[in-house]
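Spelled out, the chains give:
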Amino acid sequence: MTVTVDPRTRGLTGAEAARRLAEHGRNEVAADRRVPLWARVAAQLRDPLITVLLAAVALTLAIGDHPDAVVIALVIVVNTTVGVVQEVRAESAVAALSRLSAPAARVVRDGEPRKVPSAEVVPGDVVALAEGDIVPADARILDAAALLLDESMLTGESLPVAKEAADGVLWAGTVVLRGRALATVTATGADSALGRIAALLRPRPEPTPLQRRLARLGRVLAAVAVGLCALVFVLGLVRNQPPGEMAVTAISLAVAAVPESLPAVVTLALALGARRMAARRAVVRRLPAVETLGSVTVLATDKTGTLTEGRMVVERLWTPHSTATVTGLGYGPAGEVLLDGAAPGEAKALLTAAVLCNDAALRPPAARDTEWRALGDPTEAALLTAAGKAGLDHERLREDLPRVAETPFDSTRKRMSTLHRGPDGTLSACLKGAPEAVLDPVVLAEPPELLERARHAAADLAAEGYRVLAVARRDVDHVPDPPEAAEHHMRLLGLTAMADPPRQSAAATLAACRRAGILPVLITGDHPATARALAVRIGLLDASAGPGAVATGRDLVTGAVADPTGTRVFARTDPRQKVDIVQAWRARGAVTAMTGDGVNDGPALRQADIGVAMGRRGTEVARQAADLVLADDELATVVGAVEEGRRVYDNIRRFLVFGLAGGGAEILVMLAGPLFGLALPLRAGQILWINLLTHGLTGVAMGAEPVSPGAMSRPPRPPGQHILGSGVWQRVLLLGLVVAAVSLGAALRAHGDDRPWQTVLFLALLTAQLGTVLGLRDRLLTRANPFLPLAVLASAALAVAALYLPFLRDVLATEPLGWADLAAPVAAGLVGFAAARLCGPGG
């Protein structure tokens, strides 16, 4: 298809674009309405545990127990405030991260191409679209070449749709699968097709797997606590305690026994994890990904731009009669072509065809930038750079030999061809592609001996880790229809060999993965020999590994590889095969993370448990399919994100140990106290005050604890592991028994000495739990989370205030203690600390 793009198309002026943006608004679908504050508060108050507290307030007011009503109301206010604040913070964090990963569009303004946020596209803009782009707004096609789109999001039709200029319309949100086009925007924002169905495209947020497990756990704990507290109520009546007081005490104990601040801890841990990941250049697009990252067992990674620098450099040339070495780094023109033979014309002919059959461009350094930049495919940009080192002016070549037709590259044919008209009117066809797609008698009219020599040369170069492209050319007397009909009877010009060196951090990153129990797997569409050479360089394969260590997509199709999970390197894979590899690992119970940057990675990114896209070089398809976007394109960032995921999970489990042990201790004290002569061990207000100081500020501060020192030296948690598994419930039981025993011991001693035993029990139970929270720290003296020791100090100060401030003393029914009486609660705190250390810190 001939693309007749008018080079004089200037698009809108900057001033006109700004005027239309003000007139039509931003190119965004209507955002979800902000939830009003009253609705957030109401949602918090609908929590079953808060409902129990509200009932307790009503009951205490009904019986005239105003002090306890005040304490219970304070607990409600604090927990509701924490929940609302964390909800708002999490929503703001996700919105900010979404803005970071929002798609961009290429438009023509003032006659110059520029990249702008899709939200700033306006009606009348001329947009340039290429493979992998998401159409930013409804538009009318001006010119197109081999344009194929996925419109399934709008129509439900699974088959892609071919479009030409005559077909007219592109719809916002559809995806360019192949080809390129220029189009004029006709509708944006709410006026676009995407805007009209936006309400249907906003799925209701669902709880994460961890949150569902915690919700089930909470219901079980609440049922157990209510049953036990009913027992406390009955026992109180048997001892002739006032029914109203025992009812409030039983309800208060039920609430205190269950860590109702757990949702706030989970929300805080996830939000802080997302923020820390963002600081590490990992943008979390879906908050549930934070918790899943910690259990990743298999990391399937793409090669180009992930394990490698992603900036191709042509280093070797091969022609039928000579070879050449190309020097220089990056995309700049510094360097030269050093001939090893006596045919300089062949090298220039090879690079000339490579320049013409090429869609890339080079941008010289800007004012503050010292590097040349590639616009387009890095592989094609490397060819332009090599041509410049050979003394060829690629812009002049394109002016002298304008393109009149093309057959774009796609992942099925693995080659691209273009037709050009010379100054004298003659036509020529240029072709480049993978050696196996070009070095074919169907394509080349060359002797078998030459084709065999070229194949051997390509294999030798690929075995050295080079990316190899074959280039061919022929003269034609007319433009065939379709243009790919020109891909026959061509003359081989030679081979280009490019190196995309591995990132300096690649080997260390994969080593860190293995230490963390994560199995790295390389999945690439590149040549098998190239994939093997890279795998050896980065330590994924041993140098002694033969060609059989690398499986190809064809091996998967033919069944030569029965179980993909037994292979570590895959080459020449298509999108379907990448999905099959990920599915094979998931079928074996693995938690998979898939990294990628291309359109062909999109299905696998969506299929994996965690899809990870490159932020700089990644296509919009990859970024939109991913759960995590790496703003720096560094694979090492994934390892850091996994560490954050493990940190989040550990902190939640650590809080469960602390919260459930404390709640269990309070139940044991209330059940066992009467057996030792303590008629009503604790009053309702005292129980709730303990709960407020432990599960409130102190408990929430646990969600910000730093990562455990050995977090990345242990295997991932099993996917089916219970939240209380791996020894957690045993630690809860042991710590609960210790806290209850030491608190009752202090109270019984005070009771025997005719001292204010209830106040001693109240303070001992609180200090024992505060000692426990400090003992559960992995890094005891770390300064990474100063909020936890500060929260403990604040809670201790408020505990002491409950004894000496008249207002609190009256509300909580406590008595001042002398220095001798304070010794027992202090000792209880030390015992709680020691028990937590002996049980083992961490989550």
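Before reading on, note that the structure itself is shown above.
A. Molecular detail of empty space enclosed by the protein. For the structure on display, the rule yields 1 cavity of 30 Å³ or more. Put simply, the largest cavity is a space of about 40 Å³. Forming the boundary of the largest cavity are V296, L299, C513, I518, V638, V639, V642 and M712. Among the elements that make up the lining of the largest cavity, the one with the highest residue count is helix 22 (residues 636–672) (3 residues). Taken together, the residues that form the lining of the largest cavity break down as 8 nonpolar, no polar and no charged.

B. Seen up close, the sheet that holds strand 15 (residues 403–407). One open sheet holds the 8 strands; their spatial order is 12-11-10-19-18-17-16-15, and the pairing between them is antiparallel. Every interior strand has two partners, whereas the edge strands, strand 12 (337–339) and strand 15, have only one. Each strand of the sheet is rotated relative to its neighbour by a mean of 20°, with strand direction disregarded. Relative to strand 19 (residues 491–499), strand 18 (residues 467–476) is paired through 7 bridges, and the arrangement is antiparallel. What sits directly across from A472, in strand 19, is L492.

C. Inspection of the sheet that holds strand 21 (residues 550–552) at higher detail. Taking strand neighbours across the sheet as the criterion, the 8 strands line up as 8-25-24-23-9-20-22-21 in an open arrangement whose pairing is mixed. What marks the edges here is a single partner per strand, and that holds for strand 8 (282–284) and strand 21. Along the sheet, successive strands turn relative to each other by an average axial angle of 20°, direction set aside. Sitting on the sheet, helix 22 is in contact with strand 8, strand 9 (298–301), strand 23 (592–596), strand 24 (610–614) and strand 25 (628–630), with an inclination near 140° to strand 25.

D. Molecular detail of the packing of helix 25 (residues 757–775) against helix 28 (residues 819–839). Relative orientation of the contacting elements helix 25 and helix 28 amounts to 30°, with a least axis distance of 7 Å. Judged by the inter-axis angle, helix 25 sits roughly parallel to helix 28. Once helix 25 is placed against helix 28, the crossing between them reads as right-handed. Across the interface between the two elements, V760, L763, A764, T767, A768, G771, T772, L774 and G775 from helix 25 touch D821, L822, A824, P825, A828, G829, G832, F833, A836 and R837 from helix 28. Tallied by class, the residues present in the contact of helix 25 with helix 28 amount to 11 nonpolar, 6 polar and 2 charged.

E. Spatial organisation of helix 24 (residues 728–752). Helix length check: helix 24 (25 residues) gives 36 Å between terminal C-alpha atoms against 36 Å at 1.5 Å per residue, within 8%. Looking one or two residues past helix 24, D754 carries a phi angle of roughly 55°, positive in sign.

Cut-offs used in this document
Residues numbered from 1 in each chain as written. Predicted model: local features only at pLDDT ≥ 70, side-chain atom pairs only at ≥ 80, totals over all residues. Heavy atoms only, no water. 1 Å grid on protein atoms, 1.4 Å probe; cavity = no way out; pocket = protein on both sides within 12 Å on 5 of 7 lines; lining within 4 Å. Points joined across faces, edges and corners; volume = space filled by probe spheres on them. Helix = DSSP H or I, 4+ residues; strand = E, 2+ residues; numbered from the N terminus. Nonpolar A, V, L, I, M, F, W, Y, C, P; charged D, E, K, R; others polar. Pairing = 2+ DSSP bridges. Axes fitted to C-alpha atoms, helices over the stretch in contact; angles between N-to-C directions. Contact = heavy atoms within 4.5 Å. Parallel < 35°, antiparallel > 145°, perpendicular 65-115°, else oblique. Left-handed = near helix turned anticlockwise from the far one by under 90°. Expected span 1.5 Å × (residues − 1).

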